[in-house]
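# Examination of the molecular architecture
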Amino acid sequence: MSAERSVLDVSGLPKVVFGHRSLLWWGTVGFMVIEGFTLVLMVAAYFYLRTGEMGWPPGRTPNPELLIPTINTVLLLLVMAPMHAAGKAAKRFDRRGVARGLLIACALTLVVNVLRWWELLALNVRWDAHAYASAAWGVVVLHATLIVVDFFETGTLAALFLSGRALRKHYPDVADAAFYQYFLSLAWVPVYLVIYWGPRVL
């Protein structure tokens, strides 16, 4: 005699969900925790190295320049606006609104990526000059890898929605990308203050 099997009818459940009801959203949160912790470790190493030096930057190393890093920080914060608009449009299943927001965000992120190279030059020291240089370059390059990946992710989503090939299941991806953009932009602010303003006050 075979045991009875319970059957659950899930046909009434929604096929597309946003926010914490989506598995992808939790994956994004996990990703942010890992990346955030890595950035904190890098900044902690920077401060640890500071304790072993009389001057900071050491020797005759000049302070980092502020113009390009400040402009790029403002641009990175501005990227949140079109991504926010794209995320809200995604919840309305507004394809044109999503495509417009992603396209603007993608263009701004491209500029941010290009200026990141000048941000490295603004450190006024080679990466292998001494421990300070390696720590400063390490933090900036680590965040640079995140904005490079973000550019390709945003670009892929923009191409999907501009071409009209996006399905309903892709709309939560846009909302999650907007959520991730807040992390990416806001996480840079303390890093920018430590690396570019820190040597003037530490």
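Residues numbered from 1 in each chain as written. Predicted model: local features only at pLDDT ≥ 70, side-chain atom pairs only at ≥ 80, totals over all residues. Heavy atoms only, no water.

### What to know about the overall build of the protein
Rules: Helix and strand definitions here come from DSSP, where helices need a minimum of 4 consecutive H or I residues and strands a minimum of 2 consecutive E residues; each element is numbered from the N-terminal end. Every radius of gyration here is taken over C-alpha atoms, with the globule rule written as 2.2 Å times N^0.38, N being the number of residues. To sort residues, take the accessible area from a 1.4 Å probe on protein chains only and compare it with the maximum for the residue type: under 20% means buried, over 50% means exposed, and anything in between is partly exposed. Residues count as neighbours in contact if any of their non-hydrogen atoms are within 4.5 Å of one another.
For the protein, the count of helices and strands is 6 helices and 0 strands. Ordered by position in the sequence, the α and β elements of the protein form the string α-α-α-α-α-α. Since a compact globule built from 202 residues should have a radius of gyration of about 17 Å, the 21 Å found for the protein marks it as more spread out than a globular shape. When each of the 202 residues of the protein is scored for burial, the buried share is 44%. Restricting the contact set of the protein to residue pairs at least 6 apart, pairs at least 24 apart contribute 82%.

### Thoughts on the pattern of salt bridges
We apply this condition: Criterion for a salt bridge: a side-chain nitrogen of Lys or Arg within 4 Å of a carboxyl oxygen of Asp or Glu.
In total, this model carries 3 salt bridges according to the counting rule given. Among the ionic pairs, D94 bridges to R92, the shortest N-O distance being 3.3 Å. With a shortest N-O distance of 2.2 Å, E119 and R116 are connected by a salt bridge. Of this pair, E119 and R116 both sit in helix α4 (residues 95-121), 3 residues apart, which is roughly one turn of that helix. Like R116, E119 is buried.

### Section: the confidence of the model for the protein
Put simply, the test is: Residue-level confidence of the predictor, termed pLDDT, takes values from 0 up to 100.
For the protein, the mean per-residue pLDDT works out to 94, and 99% of the residues sit at or above 70. Confidence, expressed as mean pLDDT per element, reaches its minimum in the protein at helix α1 (residues 23-50) with 94 and its maximum at helix α2 (residues 67-78) with 98.

### Some words on α2
In an α-helix, one turn spans 3.6 residues; hence positions three or four apart end up facing the same way. Spelled out, the test is: Here, expected helix span is obtained from the residue count minus one, scaled by 1.5 Å. Relevant arc is that of directions from the helix axis to the C-beta atoms, nothing else.
Helix length check: α2 (12 residues) gives 17 Å between terminal C-alpha atoms against 16 Å at 1.5 Å per residue, within 8%. Taken as a whole, α2 has its buried residues at P69, N72, T73, L75 and L76. When α2 is viewed along its axis, its buried side chains cluster within an angular range of 165° and face the same direction. Each element contacted by the buried residues of α2 is listed here: α3 (80-91), α4, α5 (131-162) and α6 (171-201).

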